[in-house]
2 protein chains.
Amino acid sequence: MSVEARQGRLSVVGLGPGDPSCLTAEARDALAAADAIYGYGPYLDRLPPRSGQMRYASDNRQEILRAQAALRHATDGAAVAVVSGGDPGVFAMAATICEVVETGPDSWRAVDIAIVPGVTAMLAVAARVGAPLGHDFCALSLSDNLKPWDLIERRIDAVAGAGFVIALYNPTSHARPWQLGAAFDRLRRCLPAPTPVVFGRAVGRMDEDIMVTTLAEAPSARADMATLIIVGSAETRIVARPGRLPLVYTPRTHQCASA
Amino acid sequence: MSVEARQGRLSVVGLGPGDPSCLTAEARDALAAADAIYGYGPYLDRLPPRSGQMRYASDNRQEILRAQAALRHATDGAAVAVVSGGDPGVFAMAATICEVVETGPDSWRAVDIAIVPGVTAMLAVAARVGAPLGHDFCALSLSDNLKPWDLIERRIDAVAGAGFVIALYNPTSHARPWQLGAAFDRLRRCLPAPTPVVFGRAVGRMDEDIMVTTLAEAPSARADMATLIIVGSAETRIVARPGRLPLVYTPRTHQCASA
């Protein structure tokens, strides 16, 4: 079959939180079928090498260039995979692929694109401690690289005031050292001091680190780029257990009719 | 080994959206290791039978009784699994298990509990159309069985006004026929008419049904109990593609500084 006659295919594959056991069968199959895999280097390093399969590593600030290269490669007739940690649709590569399709040549709109979902970080961290996302919740990126900080503040006020549990993605980085502390200060204005807070990183990996604390004591310096933070609502509860991490959960039934 | 000496274990396992290919390896292994599986009948029906493994089906309004029975069984020394569709931590059994542990006998706090995350419905539906959850978003249950309707209205106003994409869980049921229409009416007050809306049900199953529409035209009668609805923000975009479903995505970069 000539290259011209082959139809290319682009899979955008979620790797889950990191441990290969968190990959879905669909994701594993999409990776096995790929002629070429594009992604952030550390994500590619998680994948066992396969003979004949090309790997293209790029920096995590090169998303647009990576998406363009992958689409170009797919239009040449190859089966191409782009990988994201967690779920590709949550603050990750799927939106970048869509953006590049919208602004790129018409031929890119003809590419067969499949997004393969995965377990996003907030689900993995929540599972480690119980069910803090058991009722209404939101996912909010603290990165002010791509949106203004005052919008982030308004979003924090809106969801905390309305009783949503909040999962904070991208809480900090070398270039954004003060934002998480500012977010905690803002949250302390409208949520009670004992509100449960969970710090989680590298779930399922050797360096997994989970901490359950309260909003009053939440140490912003504990977080790094790979940390996901869950801030409970006034409804979220901590259940102590002898010799184990406490359970943290948000009940399905709303207790405070006045909230 | 005597029953008294065996330590019981309770796994709360997410089955993902329905297709067995969406199960993680960790979930598959937890199910294979279980002596007994508890769950809503239709979820149990998805699992291939295994010799010697007991199945306990119950109605989807029997969560508390199911959780109590599973914990009791685990304290007898068995490896017990409780299954949820999607992710067990999102409007599902993990919160019920935690609640029952908190209110039950002390011995239940000693049970080895593992929550095994899965791909929740909003991630599965989002993946089918692109990346509508590509930026800040929330998950909101429209069920007013467990919280008052006026709180749901306030939460809709808060998140729509602050620019979050909204995933609506439990949009309707025979006993709750008007709530989704009322939610759409409320959303139309603060979001533009062309705001993209996605209806998705039974992703990966034979009866999968995905529809991309706008807030102006969103037909609440189209939804049933198994439907997940994603309502975009003012930033969410639709990219037409010849011969394919359009892509729907929310860009990583915020465009409207005034939003």
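Residues numbered from 1 in each chain as written. Chains lettered and ligands numbered in written order. Predicted model: local features only at pLDDT ≥ 70, side-chain atom pairs only at ≥ 80, totals over all residues. Heavy atoms only, no water.

Here we take up the packing of aromatic side chains. Residues and elements named next belong to chain B. Across all of its chains, the model carries 12 aromatic pairs over all chains by this definition. Aromatic side chains Tyr38 and Tyr56 sit 4.5 Å apart centroid to centroid with 15 degrees between the ring planes, which places their arrangement in the stacked category. Highlighted residues: Tyr38 in strand β2 (residues 36-40) and Tyr56 in strand β3 (residues 54-58), separated in sequence by 18 residues. With a centroid separation of 5.1 Å and 75 degrees between ring planes, the pair formed by Trp149 and Trp178 is classed as edge-to-face. Of the two residues, Trp149 is situated in helix α6 (residues 149-161) and Trp178 in the loop between β8 (165-169) and α7 (179-190); the sequence distance between them amounts to 29 residues. Take Trp178: its relative accessible area is 47%, and that puts it in the partly exposed class. (Phe/Tyr/Trp six-rings, centres within 6.5 Å; stacked < 30°, edge-to-face > 60°. Helix = DSSP H or I, 4+ residues; strand = E, 2+ residues; numbered from the N terminus. Buried < 20%, exposed > 50% of the residue type's maximum accessible area, 1.4 Å probe, protein only.)

Let us now look at the interface of chain A and chain B. Each partner contributes to the interface: chain A provides 71 residues, whereas chain B provides 70 residues. Of the roughly 6,300 Å² buried at the junction of chain A and chain B (both faces included), carbon and sulfur atoms supply 57%. The largest per-residue losses of area from chain A upon contact with chain B belong to Leu146(A), Arg155(A) and Arg252(A), which jointly make up 12% of the total buried on that side. Inspection of the chain A/chain B interface yields 10 salt bridges. Where chain A touches chain B, the interface holds 34 residue pairs in polar contact (both at pLDDT 80 or more). Examining the composition of the side of chain A that touches chain B, we find that seven residues originate from one element, helix α4 (residues 93-103) of chain A, more than from any other. For the side of chain A that touches chain B, the per-class residue count stands at 40 nonpolar, 15 polar and 16 charged. With three bridges joining them, strand β7 (residues 137-141) of chain A and strand β7 (residues 137-141) of chain B adopt antiparallel strand pairing. (Contact = heavy atoms within 4.5 Å. Buried area = accessible area lost by both parts, 1.4 Å probe. Salt bridge = Lys/Arg side-chain N within 4 Å of Asp/Glu carboxyl O. Polar contact = N/O pair within 3.5 Å; in protein donor to acceptor, adjacent residues only side chain to side chain. Nonpolar A, V, L, I, M, F, W, Y, C, P; charged D, E, K, R; others polar. Pairing = 2+ DSSP bridges.)

It is worth spelling out unusual backbone geometry at this point. Residue and element names in this part refer to chain A. One non-glycine residue, Asn170, lies in the positive phi region at around 45 degrees. Note on placement: Asn170 falls in the loop between β8 (165-169) and α7 (179-190). Look at Ala202: it is not a glycine, yet its phi comes out positive at around 55 degrees. Structurally, the position occupied by Ala202 is in the loop between β9 (196-201) and β10 (209-214).

Attention now goes to α6(B). Taking 1.5 Å as the rise per residue, α6(B) with 13 residues should run 18 Å; its terminal C-alpha atoms sit 18 Å apart, in good agreement. Considered for burial, the residues of α6(B) that qualify are Trp149(B), Leu151(B), Ile152(B), Arg155(B), Ile156(B), Ala158(B), Val159(B) and Ala160(B). Contacts made by the buried residues of α6(B) are with α6 (149-161) of chain A together with β7, β8 and α7 of chain B. Directly after α6(B), the chain includes Gly163(B), whose backbone phi takes a positive value near 90 degrees. (Expected span 1.5 Å × (residues − 1).)

Mapping chain A onto chain B is achieved by rotating through 180 degrees and translating by 0.0 Å along the same axis, at an RMSD of 0.0 Å. Taken together, the turn and the small shift mark the pair as related by a two-fold rotation axis. A high fraction, 99%, of the interface residues of chain A reappear at the interface in chain B, so the copies pair face to face through one surface. (Least-squares fit on C-alpha atoms with pLDDT ≥ 70 in both.)

This part is about the nonpolar core. The nonpolar side chains of a soluble globular protein tend to be buried, and buried together. Formed by 52 residues in total, the largest nonpolar core has its most connected members in Phe184(A) and Phe184(B). If we skip the residues at most four places from it in the chain, Phe184(A) touches Val197(A), Phe199(A), Leu215(A), Ala218(A), Ser220(A), Ile229(A) and Val231(A). One finds Ala124(A), Val198(A), Val248(A) and Val203(B) within the second-largest nonpolar core, a separate group that totals 42 residues. (Core = buried A, V, L, I, M, F, W, Y, C linked by side-chain atoms within 4.5 Å.)

Right, let's get into the environment of Ala30(A). Residues and elements named next belong to chain A. Structurally, the position occupied by Ala30 is in helix α1 (residues 25-32). Placed 18 residues apart in sequence, Ala30 and Pro48 show a C-alpha to C-alpha distance of 14 Å. When neighbours within four sequence positions are excluded, Ala30 is seen to be in contact with Ser11, Val13 and Val116.

Below, the discussion takes up the sheet that holds β8(B). Pairing in this open sheet of 10 strands is mixed, and the strands run β10(A)-β9(A)-β11(A)-β8(A)-β7(A)-β7(B)-β8(B)-β11(B)-β9(B)-β10(B) from one edge to the other. Two strands close off the open sheet at either side, each with one partner strand: β10 of chain A together with β10 (209-214) of chain B. Recorded for the sheet is a direction-independent mean angle of 15 degrees between the axes of neighbouring strands. Of the pairings in the sheet, the one linking strand β9 (residues 196-201) of chain B to β10(B) comprises six bridges and is antiparallel in character. The residue of β10(B) that forms the bridge with Gly200(B) is Ile210(B). On the sheet, helix α5 (residues 121-129) of chain A packs against β7, β8, β9, β10 and β11 (227-231) of chain A together with β7 of chain B and is oriented at approximately 65 degrees with respect to β11(A). (Axes fitted to C-alpha atoms, helices over the stretch in contact; angles between N-to-C directions.)

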